[in-house]
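# Chains, contacts and geometry: an overview
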Amino acid sequence: MTSLQSNVLEIHTPQGREEAWRFTPLKRLAGMHDGSAVASLLNSLKPVQALPSGVSFDTVEADAFSPTDDAITQRIRAFSKTVQRLTISKDTEIAQPIHFSRSMRDLDSVEFARIQIVVEPHAKATVIFENSGDLRIGEDLEIQVGAGAHLTFISLQEWGASSIHAARHNAVVERDATFNSIIVTVGGSLVRLLPTVEFAGPGSSAELLGVYFATAGQFFEHRIFVDHLVPQAKSRVNYKGALAGQDAHTVWIGDVFIRAAAEGTDTYELNRNLLLSDGARADSVPNLEIETGEIVGAGHASTTGRFDDEQLFYLMSRGINSADARRLVVRGFFTEIVSQIKDQVIEDRIMARIDDELAKAGAING
Amino acid sequence: MSTLEIRGLKVSVTTENGDVEILKGVDLTIKSGETHAIMGPNGSGKSTLAYSIAGHPKYTITGGTVTLDGADVLEMSVDERAKAGLFLAMQYPVEVPGVSVSNFLRTAATALRGEAPKLREWVGEVKGAMEALKMDPSFASRNVNEGFSGGEKKRHEIMQLELLKPKIAILDETDSGLDVDALRVVSEGVNRAKENSNVGVLLITHYTRILKYIKPDFVHVFANGKIVEEGGPELADKLEAQGYEEYVNA
Ligand SMILES: Nc1ncnc2c1ncn2[C@@H]1O[C@H](COP(=O)(O)OP(=O)(O)OP(=O)(O)O)[C@@H](O)[C@H]1O
Ligand SMILES: [Mg+2]
């Protein structure tokens, strides 16, 4: 216990002025950041079906793969020495997605969860986390994509209205490995996700896609960090968000760091936001730091706009009423990314949820 | 039998320097089966007339009336105008990202017909309409107008004209940017619509070449926000030979 306590003492409790916390309403974090939360090991994450051969999901004692300065993740690590670890063994190719879900409802406690996904060299899999319960959860997810391996990781935040979800999703991507992620955040009271990528070997690549839709009172933050530590790695980031309703607030931060050693880097990041009503606020901050000029390309773009009158006019001039035209435009906006999930049931469910949120927010009756 | 009646229509747009009047009293009546050509110099207000009839929010009506079979068009929302039987083939059709042509067409047909067309028949209908306009079937799964060439966008507009069967259609420079073959294909589409549904057509153009395919009953000269002369097809030939000088300086 002494080591645990000394760990806790080293953690800097965010005050709100720090760059990483300046947008986050700390009061709504249920004490995850300052140590006041009474955490429990709820192990809410469950596999949906029996796992295929070559895949295991065990509770083990394990150290973190790499350190972090995120206070909540530090507290989770100080709290739990055990990890729920999903391993896809070497050379195993799993065609069907491996589904996990968190569907329980428990708003009395705070869950601290440590998860690791280890994709061993030359293995290939798609892993889907479906978060649909109502929980207050701090999640430390560490992903290791071994040499030549391929992981598509999909995390769906379809939380109930009271959920609080603070998570760091850190992927270490080894030589010639590919990491693709799709993050969908359409539910919860506060969701703060830190999708981060560390390139650990040349020839590696990552594609980080995301969509979010916040309505009245919801706070959704996606704070991305892609660390080009090695040469010849490629990253693509594309997040799209929509907001409607009083005090709907989204934050997108895209930090890309190209270190001196990262020659041949190819990176592009994009964030687009659709503001569908007054009273909502979208913060979007792309940030590129470059320490070497010997790169293939580096760029970013960020846009925030409202409904395009010309698009609505075109659709309506064909007899489509205003509400349906708006639904079409919003669905169209998200389709580019949602269609990448490649699971019709999930895609339809997300689109239906988006329709519902739009209707609830009254953003289709302009 | 339908009649679109435009009387004394005045329209302005809001600019940084206040409102600017663009249409200065337009009178025009279009009946089913008739084809009216409007010709006039750049900036004279032809597209403004087309958009104002269709209800584009950018334009403010400051005077006059527009009725379709007696119903007040200016009181209708944009979609209501389409439901009443008006159609605008746009000079610059709009790209709608993420919305496929097939989804768009089906949503529009459902709205206009009041019920979803039966899937089987609908698929055949769309296929036929695309074939007739020599559009590749792959367009059905592409996003509306996204990445279409200028000519492809125009074919797509006329394909909609044939599928959606309006009472009165306004074609704003549908012929601009078409190669000779496309011009013929698109003109045939308009003529089929005239034959099959007796649509009344208001054709805005700069060139007499489309009038060789689509025969106008009336030609109107548009200048400085109003119609300044009317005549038969021979007027188009005169305009081609002499230009608009006498009207612009009038
Ligand atoms: N927002 C605006 N601000 C200022 N002027 C405008 C605005 N919108 C339209 N206009 C002006 O209105 C006039 C009429 O434009 P319109 O597009 O109707 O012309 P047109 O006859 O269709 O021309 P063309 O043959 O080039 O298509 C033009 O002079 C145009 O510049
Ligand atoms: Mg024009």
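Along each chain, numbering runs from 1 in the same order as the chain's sequence is written. For naming, the first written chain is A and the first written ligand is 1, with later ones following in the order written. Since the coordinates come from a predicted model, pLDDT governs what is reported: local features require at least 70, and pairs of side-chain atoms require 80 or more to be given and counted, while whole-chain, interface and lining totals use all residues. Here the side-chain values reflect all heavy atoms present in the structure, with hydrogen atoms and water set aside.

When four donors bind a metal tetrahedrally, each ideal donor-metal-donor angle is 109.5 degrees, and when six bind octahedrally, the ideal angles are 90 or 180 degrees. All names here are of chain B. Protein coordination at the magnesium ion (ligand 2): the donors are S47 (OG) and Q91 (OE1), at 2.0 to 2.3 Å from the metal. A residue pair is termed long-range when its members are at least 10 positions apart, and S47 in helix α1 (residues 46-54) and Q91 in the loop between β6 (86-89) and β7 (96-100) qualify at 44 residues. We note that S47, like Q91, is buried. Each metal's donors are the N, O and S atoms found within 2.8 Å of it, except that Na, K and Ca use a 3.2 Å limit; water is left out, so coordination can look incomplete. By definition, any uninterrupted DSSP run of H or I lasting at least four residues is a helix, any uninterrupted run of E lasting at least two residues is a strand, and each is numbered from the N terminus. For the exposure calls, accessible area comes from a 1.4 Å probe over protein chains only, and a residue counts as buried if that area is under 20% of its type's maximum, exposed if over 50%, partly exposed in between.

Take the confidence of the model for chain A next. It should be kept in mind that the predicted coordinates are not to be read in detail where pLDDT is low. Think of pLDDT as the predictor's per-residue confidence, scored from 0 to 100. In the predicted model, chain A carries a mean pLDDT of 95, and the fraction of residues at 70 or more is 97%. By the convention used here, residues are in contact when the closest approach between their heavy atoms is within 4.5 Å. Contacts from residues 1-8 of chain A, a stretch scored under 50 in pLDDT, to residues over four places away or in other chains number six contacts.

If you check helix α3 (residues 101-113) of chain B, its first and last C-alpha atoms are 18 Å apart, about what 13 residues at 1.5 Å a residue would give, namely 18 Å. Considered for burial, the residues of α3(B) that qualify are B:V101, B:F104, B:L105, B:A108 and B:A109. Take α3(B) and look down its axis: the buried residues cluster within an arc of 125°, on one side only. Next to the buried residues of α3(B) lie α3 (309-316) of chain A together with β7, α4 (119-132), β8 (143-144) and α5 (150-164) of chain B. In the segment just after α3(B), B:G114 is the residue with positive phi, at about 85°. By definition here, a helix of n residues has an expected span of 1.5 Å times n minus one. Arc, as used here, means the arc of the directions from the helix axis to the C-beta atoms.

A few words on the confidence of the model for chain B. The predicted model of chain B averages 96 in pLDDT, with 100% of residues at 70 or higher. Listed scores for the predicted complex are pTM 0.92 and ipTM 0.97.

Between chain B and chain A, the contact holds 33 residues from the first and 16 residues from the second. When two parts are brought into contact, each loses some accessible area as probed by a 1.4 Å sphere; the total of that loss over both is the buried area. Note on chain B versus chain A: buried area summed over both sides is about 1,900 Å², and carbon and sulfur give 70% of it. For salt bridges, the criterion is a side-chain nitrogen of Lys or Arg within 4 Å of an Asp or Glu carboxyl oxygen. B:E157 serves as the salt-bridge partner of A:R318, at 2.8 Å between the closest nitrogen and oxygen. Contacts described as polar in this section are N or O atom pairs within 3.5 Å, which, within protein, must combine one atom able to donate a hydrogen with one able to accept it, while residues neighboring in sequence count only if both atoms come from side chains. Seen at the junction of chain B and chain A, the total is eight residue pairs in polar contact (both at pLDDT 80 or more). Only α1, α2 (78-84), β6, β7, α3 and α5 of chain B provide two or more residues apiece to the side of chain B that touches chain A.

What follows is about the sheet that holds strand β2 (residues 18-31) of chain B. Residue and element names in this part refer to chain B. Any two strands are treated as partners once DSSP identifies two or more bridges connecting them. Here four strands make up an open sheet; going across it, the order is β2-β1-β4-β5 and the pairing antiparallel. Bordering the open sheet on either side are β2 and β5 (71-72), each of which pairs with just one other strand. Pairing of strand β4 (residues 59-68) with β5, which is carried by two bridges, proceeds in the antiparallel orientation. Each residue of the ladder has a partner; that of L68, found in β5, is A71. Axis angles are defined between N-to-C directions and span 0 to 180 degrees, where every axis is a line fitted to C-alpha atoms and, for a helix, only to the segment in contact. With respect to the sheet, α1 is in contact with β1 (3-15), β2 and β4, its orientation differing from that of β1 by roughly 105°.

The subject of this paragraph is the nonpolar core. Generally speaking, nonpolar side chains in soluble globular proteins are found buried as a group. All names here are of chain A. Counting 118 residues, the largest nonpolar core has F213, L276 and F334 as its most contacted members. Ranked by residue count, the leading element in this core is helix α4 (residues 322-338), at nine residues. To define a nonpolar core, start from buried Ala, Val, Leu, Ile, Met, Phe, Trp, Tyr and Cys residues and group those joined through side-chain atoms within 4.5 Å. Grouped together as the second largest cluster of nonpolar side chains are 55 residues, V55, V119, L141 and F199 included.

All names here are of chain B. Note on definitions. A residue lies near a molecule or strand when any single heavy atom of the residue is within 4 Å of it. Around ligand 1 sit 15 residues in total, of which G43, K46, S47, T48 and H206 are the nearest. Take K46: an N or O atom from its side chain is 2.7 Å from an oxygen atom of ligand 1. Taking 640 Å² as the accessible area of ligand 1 by itself, protein coverage stands at 64%. For the shell around ligand 1, the secondary-structure elements that each account for two or more residues are β1 and α1. No other element matches α1, which puts three residues into the shell around ligand 1. In this classification, the charged set is Asp, Glu, Lys and Arg, the nonpolar set is Ala, Val, Leu, Ile, Met, Phe, Trp, Tyr, Cys and Pro, and all remaining amino acids, among them Gly, are polar. Its residues assigned to classes, the shell around ligand 1 shows three nonpolar, nine polar and three charged. Note that accessible areas follow from Shrake-Rupley with a 1.4 Å probe, and for residues the cover is restricted to the protein chains shown.

Right, let's talk about the packing of α3(A) against α4(A) for a bit. All names here are of chain A. Here α3 crosses α4 at 125°, and the two axes come no closer than 9 Å. The orientation of α3 relative to α4 falls into the category oblique. The handedness of the crossing between α3 and α4 comes out as right-handed. For the pair formed by α3 and α4, the contact residues are Q311, L312, L315 and M316 on the first element and S322, A325, R326, L328 and V329 on the second. Its residues placed into classes, the contact of α3 with α4 shows six nonpolar, two polar and one charged. Orientation is classified from the angle alone, with under 35 degrees giving roughly parallel, over 145 giving roughly antiparallel, 65 to 115 giving roughly perpendicular, and any other angle giving oblique. By convention, the crossing between two helices is left-handed when the near helix turns anticlockwise from the far helix through less than a right angle, and right-handed when the turn is clockwise.

Attention now goes to the packing of aromatic side chains. All names here are of chain B. What counts as a ring pair is set by centres within 6.5 Å for rings of Phe, Tyr and Trp (its six-membered ring), and what kind of pair is set by the plane angle: stacked under 30 degrees, edge-to-face over 60, tilted for all other angles. Here the structure, examined in full by the defined rule, presents 10 aromatic pairs over all chains. With a centroid separation of 5.9 Å and 15° between ring planes, the pair formed by Y51 and Y59 is classed as stacked. On the basis of relative accessible area, Y51 is assigned to the buried category, the value being 13%. A relative accessible area of 13% places Y59 in the buried class. Taking the centre distance of 4.9 Å and the plane angle of 85° together, the rings of F139 and F148 count as edge-to-face. The class for F148 is buried, based on a relative accessible area of 5%.

All names here are of chain A. Relative to the helices and strands, T152 is located in strand β9 (residues 150-158). Judged by relative accessible area, which is 15%, T152 ranks as buried. Filtering out sequence-adjacent residues up to four positions away, T152 remains in contact with A125, T126, V127 and N180.

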